[in-house]
Amino acid sequence: MLNRRDILVGATALAATAGLRPSFAQADEIRIGAIYPFSGSGAQIGVEAKYAIDTGERLVNESFDLNLLRARDAGLPALGGAKIRIIYADHQADPQKGRAEAERLITQEGVVGLIGTYYSSVAAVVSQVAERYQVPFIAAESSSPTLHRQGLRYFFRAGPHDELYTNAMFEFMDSLKDSGRAPVGSIALFYEDTLFGTETARVQKELAAARSIPVVADVKYRANSPSLATEVQILKSSNPDVVMATSYTTDAILFIKTANELGFRPKGVICQDAGYYEPAFLAAVGPLANGLISRATYAPDFAGRRPEVQVVNDIFKAMSGKDFNDSTSREFTAVQIMAEAINRAASREGPAIRDALAALDVPGELTIMPWERIKFGEDGQNSFVKLVMMQCKDGVYRTVWPGQYASTELVWPIS
Amino acid sequence: MAQPQTIPAPITAFTSRRRRQLAVALAVALALALLPLAVADVFVMNILVLTILFASLSQSWNILGGYCGQISLGHAVYFGIGAYVTVALFVDFGILPWFGMLAGAAIAVVLALALGYPCFRLAGHYYTIATIVIAEAALLLVANAEWTGGAVGLQLPFAPDSWATLQFGRTKLPYYYLALGLAVATWIVSWVIEDTRAGYWWRAVNSDIAAAQSLGVNVFRSKMAASAVSAFFTAVAGGVYAFFVSYIDPTSVMSFHISLLISLPAVLGGIGTLWGPALGAIVLIPMGELTRSYFGGTGLGTNLIVYGVLVMAISLLRPQGLVSLVHLFVPRRA
Amino acid sequence: MLEVRHLAAGYHGLVALADVSFGVAAGEILVVAGANGAGKSTVLKTVAGVVPARSGTITFDGARIDHLAAHRITRLGMAFVPEERRLFPRMTVRDNLRLGSYLHRRRADREAPLATVLRLFPRLEERMDQLAATLSGGEQQMLAIGRALMTRPRLLMLDEPSQGIMPRLVAEIFRAIEEVRRAGITILLVEQRLTESLAIADKAIILRTGRIVVAGTAAEVRANPEVRSAYLGM
Amino acid sequence: MTAQIVLQVLLSGLLMGLIYALVASGLALIFGLMDVVNFAHGDFLMVAMYALFVLVAMSGADPLLLAPVVTLVLFAFGAAIYLGIVRFAMRVQTNRGMVQVFTTFGLGLLLQGLAQTIFTPDYRSVDGGIVAGKSVALGGIILPMPHVVGALISLAAFGLIWLLINRTDLGKALEATREDADAVALVGIDRNRVFAIGWGLGSALVGLSASILATFFYIFPGVGNSFVLIAFVTVALGGFGSVYGALAAGVLIGLIEAMTALLVAPSLKMLGVFAVYLAVVTFRPRGLFGSM
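Since the structure is predicted, the reported quantities are computational estimates derived from the model, not experimental observations.

Q: Pulling in residues and values, what's your account of the sheet that holds strand 1 (residues 2-11) of chain C?
A: Residues and elements named next belong to chain C. Ordered by their spatial adjacency, 4 strands build an open sheet running 2-1-4-5, and the pairing between neighbours is antiparallel. Only two strands of the sheet have a single partner each, and these edge strands are strand 2 (14-24) and strand 5 (63-64). Sheet analysis places strand 1 next to strand 2, joined by 7 bridges and oriented antiparallel. From the neighbouring strand, G10 faces strand 2, where its bridge partner is V15.

Below is the structure:
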């Protein structure tokens with residue numbers, strides 16, 4: 001904390017800042033920056049991310065007898081057993097603040113890599129800062145496809161982006177036919193008017209058109225509306241087979257409650273994770289969540305099947321009181337990947353770490369994710385991700401698709 | 001009426017006070033111009049750029065809100081227009097930001113004049129609420145429009161350092177001097193306004209509309225003129241901000257939060273004063289950045305608490321603004 | 001009943017009153033007179049707690065009241081009718097009167113003064129459901145006095161009750177003041193119309209630039225040669 | 001689009017509008033009484049929702065049964081805020097309007113920060129109790145029960161406000177203080193006490209609306225922001241200070257919002273409200289029922 005105090009004193013007395021020098025890490029410590037919203041409307045996301053990343057930090061720094069990436073060694077052996085240390089910064093969902101914090105972490109805290117940022121808008125700016133300073137940036141969960149199309153060399157994303165997610169949803173719908181169920185005859189889109197919602201809906205419309213599935217309602221709603229009654233009415237009157245919903249927690253709660261009150265029961269509700277998957281959502285809507293289907297890139301029922309997943313989940317749960325979810329699992333994984341790359345590079349230099357990341361090829365078994373492997377393409381995107389579809393049963397999401405990961409039978413239609 | 005042969009004493013005192021203000025301003029500007037020589041740190045530079053940029057924004061706001069007494073909480077609309085027009089012209093048509101900013105400012109001025117017709121008939125809180133509503137409506141329109149990139153926003157393509165395209169990777173210096181230039185320009189405009197007929201009229205409108213009308217002041221036109229000047233500089237600053245951040249989306253340049261950041265420094269520093277906006281910005285912007293950096297990482301609401309208490313304390317204890325503190329140390333002359 | 005000792009008061013550094021002392025006994029009418037700006041109104045405003053006293057003491061029934069807020073003074077049984085009347089213009093006459101008895105919870109304490117007021121000013125009864133703003137100047141003055149009486153005061157302070165009123169109604173106001181005194185209410189009266197005031201007053205003081213220049217019984221003041229020439233126009 | 005959908009949407013708009021009116025009523029009351037716009041209004045709502053959350057957690061009772069308790073708690077809270085903070089903002093001699101705006105605004109930030117520190121930024125919700133998840137069917141038109149009950153409570157609350165203002169001494173004292181805050185001392189009324197009661201009442205209405213909202217809405221430190229702009233527009237559209245103006249404006253806003261969502265686009269529903277607001281103030285600068 002001494003460093004921050006230095007900054008405070010130094011920056012308030014502006015003239016005194018001449019003497020302020022970046023206070024780089026001690027020799028045996030390797031710093032990684034994590035930029036999340038810790039205050040403002042997204043604060044909850046940041047708080048949970050911190051627990052996940054702290055869990056990752058522990059895994060790397062302590063010795064665990066687990067078959068997971070960077071678990072067995074205490075610290076990074078290639079750097080003399082140096083420990084990693086995560087430095088957190090708050091971006092308040094504001095790109096300008098994300099930029100300032102990224103620059104601060106790099107120049108003052110001496111971080112060798114960045115992890116973040118949940119919001120794709122902030123990730124867009126942070127990825128550019130990372131490029132300028134030649135420090136690798138792993139977008140842990142920001143999922144806008146535009147991010148890996150900027151032609152940046154220091155940008156990496158191990159998880160899927162919105163197009164892959166949406167694609168999986170449609171593949172899942174295709175599979176309904178194969179399993180002898182009635183094909184999806186029509187879909188209605190329900191999505192918030194943010195980057196997340198509009199990008200998702202754009203891809204959904206493309207894929208629906210490619211499959212000739214009619215989109216009978218296209219409801220873009222204002223995020224954080226006091227009421228969604230009219231929106232639900234519009235959906236209901238279009239009488240779709242399936243609603244594809246993309247929302248953050250607050251609207252997800254309101255949507256499901258309102259749909260229940262207004263008696264709107266389509267055959268299926270397929271959600272773009274996020275709000276529909278949050279513990280706060282599940283607590284708020286209770287049994288109304290049963291039957292909801294969500295895409296996911298983490299399968300919580302893995303924890304029961306793979307002991308090493310159970311162990312890290314327990315560590316995380318002890319801190320946060322929650323199980324890993326789609327976001328927190330990827331944040332944890334991002335720490336592993338970053339630590340592995342630093343170790344392989346055996347260097348604290350950004351370009352060396354970047355090259356190590358670019359050359360990385362880790363089998364999926366070494367992660368807690370149901371992925372084939374982690375291997376980044378030219379654009380920094382890992383295309384060996386696997387996606388699963390989960391269905392909520394008794395307040396818990398369980399994997400129902402694809403078959404090899406399924407832990408429970410799909411209920412379809414839900415109404 | 002015959003002109004007096006000698007200038008009465010109060011007027012000379014006034015003139016010398018104005019000369020002194022100008023001298024102080026030049027000294028401050030010079031010191032600020034040299035400051036980067038002493039500051040190497042990017043984070044501190046970042047805070048400096050923001051502080052000076054918001055000082056100039058608040059100075060522009062003060063022209064309408066302070067001198068003319070029209071409390072706008074919707075200046076984000078001009079800021080956002082400046083940002084969007086500048087970036088969109090550059091990204092879509094390759095028009096350099098220097099021209100883009102002027103285009104944005106021109107559009108902002110036209111909008112300010114168009115909005116003036118319905119708004120300036122509104123009094124007090126009605127005007128303020130109307131400005132909030134207009135900015136929120138603009139936010140909705142931008143978030144749902146095609147050319148603005150909608151909710152996705154607009155990102156500047158990654159490009160090498162250049163003064164022409166206003167893109168710089170690591171150095172903050174160019175943005176610093178741009179912001180400083182803007183701050184000096186808005187200060188000088190304010191300084192000039194304080195001693196022109198328009199300035200007197202505006203302040204007359206502020207203190208007593210009925211009295212101003214009886215003196216023959218065209219209240220409506222005064223408000224329109226102040227609004228146009230204010231919108232112009234706000235939009236230019238919006239353009240600078242957009243290139244400084246390199247990415248804009250509706251919430252980051254057009255939300256109520258921006259309107260507040262534009263008005264707060266002037267209000268807390270000293271509304272309707274020459275130095276209030278700068279003083280307010282010097283306190284508020286580093287406060288906001290440092291409380292976030294210092295307390296924000298905890299996930300607790302400490303930064304909001306500190307910021308909220310500060311705003312309350314200054315409003316209650318220094319209703320004339322922080323600028324009134326200066327007179328505690330420097331006795332007011334003349 | 002009311003004792004004012006060495007009272008000084010002023011606004012924004014200007015001295016309006018300097019070293020003013022006088023007393024009013026129960027059941028008396030004391031007239032405070034003087035030219036414009038002499039400080040007459042300030043005497044009442046200071047006693048009523050509207051303007052703070054700078055120094056000196058004010059006691060009512062032996063208790064210091066010079067640091068009490070205006071509403072506390074009203075509650076002690078001192079009612080003040082300011083020169084500008086300060087009615088609630090967009091409320092009815094009935095509501096204005098009703099507010100006068102706001103402090104009294106018992107029905108009798110509300111009905112008795114209402115009957116008195118309506119007996120004193122019968123024309124108010126005809127106007128009960130009109131808005132106060134629609135009354136004539138004289139009627140507004142009656143309402144202001146009536147509202148003050150509704151608080152059941154023991155001391156009534158009237159500031160220029162005849163100001164801006166038709167001559168016919170002035171007499172009615174003065175008659176009412178006498179009748180109020182007959183009901184046992186002490187009266188502190190600030191007036192420009194010295195002849196009429198002295199006719200009903202027991203005692204009088206004359207102020208000039210914030211100081212008392214003449215004081216005495218009504219007869220003494222009326223006989224004072226300076227008063228006769230300067231104020232009574234004789 | 002059938003007539004039934006239009007009717008359905010209009011009715012849900014009407015119900016929501018009545019709830020908006022109640023949310024705005026406290027703001028209108030305080031403004032009417034003392035010309036102060038409470039910029040912390042949304043955060044008062046947030047405080048009330050957390051108060052309800054704590055009470056439900058402690059007692060396990062139905063949120064609507066706890067509504068009177070929350071209303072009382074908020075009364076005390078509002079009066080305390082007046083006596084502790086706003087009173088001093090009223091005394092300021094210069095820039096009084098600005099001081100009031102930014103004092104209450106700072107207060108709002110402080111409350112949000114405190115809420116985040118005490119309750120964490122997590123989203124909470126209370127069990128909606130007897131109305132949760134229920135609906136009323138009227139010949140094919142389905143209305144959510146929380147909205148129906150909320151709208152009825154709102155109407156009842158406006159009825160009570162009417163009785164309070166027109167039929168009680170306190171109401172008369174409030175009205176008199178609103179007309180001439182200095183003159184009430186002449187009849188022995190302590191204006192500070194009236195102002196404190198006014199803030200208490202205004203906040204009590206916020207407490208009541210929070211109890212209704214909590215039956216269908218979630219709670220988090222920034223929850224006030226979802227409602228505060230609508231509350232401001234409601235009060236300004238109705239005419240600052242007019243409590244009944246707020247009722248009419250709230251209903252109008254509910255209807256316009258619902259119809260814009262249906263006919264134009266849900267994401268632009270507030271745009272319809274804003275457009276109507278701007279159109280109204282262009283012709284009636286003091287809102288629908290504002291006194292000139």
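And the narrative resumes.
Q: Account for the sheet that holds strand 6 (residues 78-81) of chain C, with residues named and values stated.
A: Residues and elements named next belong to chain C. As summarised here, the arrangement of the 6 strands in space is 6-7-8-3-9-10, forming an open sheet in which the pairing is mixed. This sheet does not close on itself; its edge strands, each paired only once, are strand 6 and strand 10 (211-217). Averaged over all adjacent pairs, the angle separating strand axes in this sheet is 15°, with direction ignored. Here helix 1 (residues 40-47) sits on the sheet and contacts strand 3 (29-34), strand 6, strand 7 (155-159), strand 8 (186-190) and strand 9 (203-208); the angle it forms with strand 7, its principal contact strand, is near 145°. The strands touched by helix 6 (residues 137-150) within the sheet are strand 6 and strand 7, with strand 6 carrying the most contacts at an inclination of about 165°.

Q: An account of the arrangement of the chains is requested, with residue identities and associated values reported.
A: Over all C-alpha pairs, chain A and chain C never come within contact, reaching a minimum spacing of 38 Å. As for chain C relative to chain B, no contact occurs, and the smallest C-alpha gap between them is 19 Å.

Q: Before we move on, can you summarise the interface of chain A and chain B with the specific residues and values?
A: In this assembly, 45 residues from chain A lie in contact with 44 residues from chain B. The junction of chain A with chain B conceals about 4100 Å² of combined surface from both sides, 57% of it contributed by carbon and sulfur atoms. Between chain A and chain B we count 2 salt bridges in total. With a closest N to O distance of 2.6 Å, K172 of chain B and E103 of chain A form a salt bridge. Joining chain A to chain B, the criterion identifies 11 residue pairs in polar contact (both at pLDDT 80 or more). Where the side of chain A that touches chain B is concerned, the elements lending two or more residues are helix 1 (2-12), helix 2 (43-61), helix 3 (95-107), helix 4 (120-133) and helix 6 (195-210) of chain A.

Q: Kindly report on the domain arrangement of chain A, identifying the contributing residues and their values.
A: All names here are of chain A. You can read the domains of chain A as domain 1 (4-160 + 304-374) and domain 2 (163-296 + 388-401). For domain 1 and domain 2, the distance between their C-alpha centres works out to 31 Å. Domain 1 puts 16 residues into the contact, and the matching count from domain 2 is 14 residues. Both faces combined, the contact of domain 1 with domain 2 buries some 1300 Å², and carbon together with sulfur accounts for 54% of it. Our count for the contact surface shared by domain 1 and domain 2 stands at 2 salt bridges.

Q: How would you explain the nonpolar core if you had to name every residue and give the values?
A: In this structure, L114 and Y276 of chain A together with L2 of chain C are the most contacted members of the largest nonpolar core, which totals 385 residues. The greatest single-element share of this core, amounting to 18 residues, is contributed by helix 1 (residues 3-34) of chain D. When residues of this core are sorted by domain, at least three fall in each of domain 1 (4-160 + 304-374) and domain 2 (163-296 + 388-401) of chain A. Look past the residues within four positions of L2 of chain C in its chain and what remains in contact with it is F22, G23, V24, V47, I58, T59, F60, M78, L155 and L188 of chain C. Formed by 47 residues, the second largest nonpolar core is a distinct cluster that contains A33, A144, A176 and I177 of chain C.

Q: Provide a residue-level description of the environment of L2 of chain C, including the pertinent values.
A: Looking at the element boundaries, L2 of chain C is found in strand 1. Between the C-alpha atoms of L2 of chain C and A25 of chain C, which are 23 residues apart in sequence, the distance is 6.7 Å.

Q: Go over the side chain of Q233 of chain A, please, and point to the residues and values.
A: Examined against the element boundaries, Q233 of chain A turns out to sit in helix 7 (residues 229-238). Exposure remark for Q233 of chain A: the relative accessible area of 5% places this residue in the buried category. Non-local contacts of Q233 of chain A, meaning those with residues more than four positions away in its chain, are made with L262 of chain A together with Q8, V9 and I142 of chain D.

Q: So what's going on with the interface of chain C and chain D? Which residues, and what values?
A: Counting residues at the interface gives 21 residues for chain C and 20 residues for chain D. Summing both partners gives a buried area of about 1900 Å² for chain C against chain D, and 56% of it is carried by carbon and sulfur. On the chain C side of the contact with chain D, R86, F88 and Y102 of chain C bury the most area, a combined 30% of that side's loss. At the boundary of chain C and chain D, one finds 7 salt bridges. For D180 of chain D, the salt bridge is made with R86 of chain C, and the minimal N-O distance between the two is 2.5 Å. At the surface where chain C touches chain D, the tally comes to 8 residue pairs in polar contact (both at pLDDT 80 or more). Sorting the residues of the side of chain C that touches chain D by element identifies helix 2 (70-75) and helix 3 (93-100) of chain C as the ones contributing at least two each. Of the residues assigned to the side of chain C that touches chain D, the class counts are 9 nonpolar, 4 polar and 8 charged.

Q: Which residues make up the pattern of salt bridges, and what values go with them?
A: Scanning all chains against the criterion turns up 59 salt bridges over all chains. Here K322 of chain A ties to E48 of chain A by a salt bridge, and the two come within 2.6 Å at their closest N and O atoms. Of this pair, K322 of chain A sits in the loop between helix 11 (307-320) and helix 12 (326-345) while E48 of chain A sits in helix 2, placing them 274 residues apart in sequence. Comparing K322 of chain A with E48 of chain A shows no difference in burial state: the two are buried. For D61 of chain C, the salt bridge goes to R154 of chain C, with nearest N and O atoms at 2.4 Å. Within this pair, whereas D61 of chain C is found in the loop between strand 4 (55-60) and strand 5, its partner R154 of chain C is found in the loop between helix 6 and strand 7, the two being separated by 93 residues in sequence. Via salt bridges that share partners, E29, R31, R85, E101, R104 and E109 of chain A belong to a single interconnected network.

What counts, and at which threshold
Residues numbered from 1 in each chain as written. Chains lettered and ligands numbered in written order. Predicted model: local features only at pLDDT ≥ 70, side-chain atom pairs only at ≥ 80, totals over all residues. Heavy atoms only, no water. Pairing = 2+ DSSP bridges. Helix = DSSP H or I, 4+ residues; strand = E, 2+ residues; numbered from the N terminus. Axes fitted to C-alpha atoms, helices over the stretch in contact; angles between N-to-C directions. Contact = heavy atoms within 4.5 Å. Buried area = accessible area lost by both parts, 1.4 Å probe. Salt bridge = Lys/Arg side-chain N within 4 Å of Asp/Glu carboxyl O. Polar contact = N/O pair within 3.5 Å; in protein donor to acceptor, adjacent residues only side chain to side chain. Domains from an automatic or database assignment. Core = buried A, V, L, I, M, F, W, Y, C linked by side-chain atoms within 4.5 Å. Buried < 20%, exposed > 50% of the residue type's maximum accessible area, 1.4 Å probe, protein only. Nonpolar A, V, L, I, M, F, W, Y, C, P; charged D, E, K, R; others polar.

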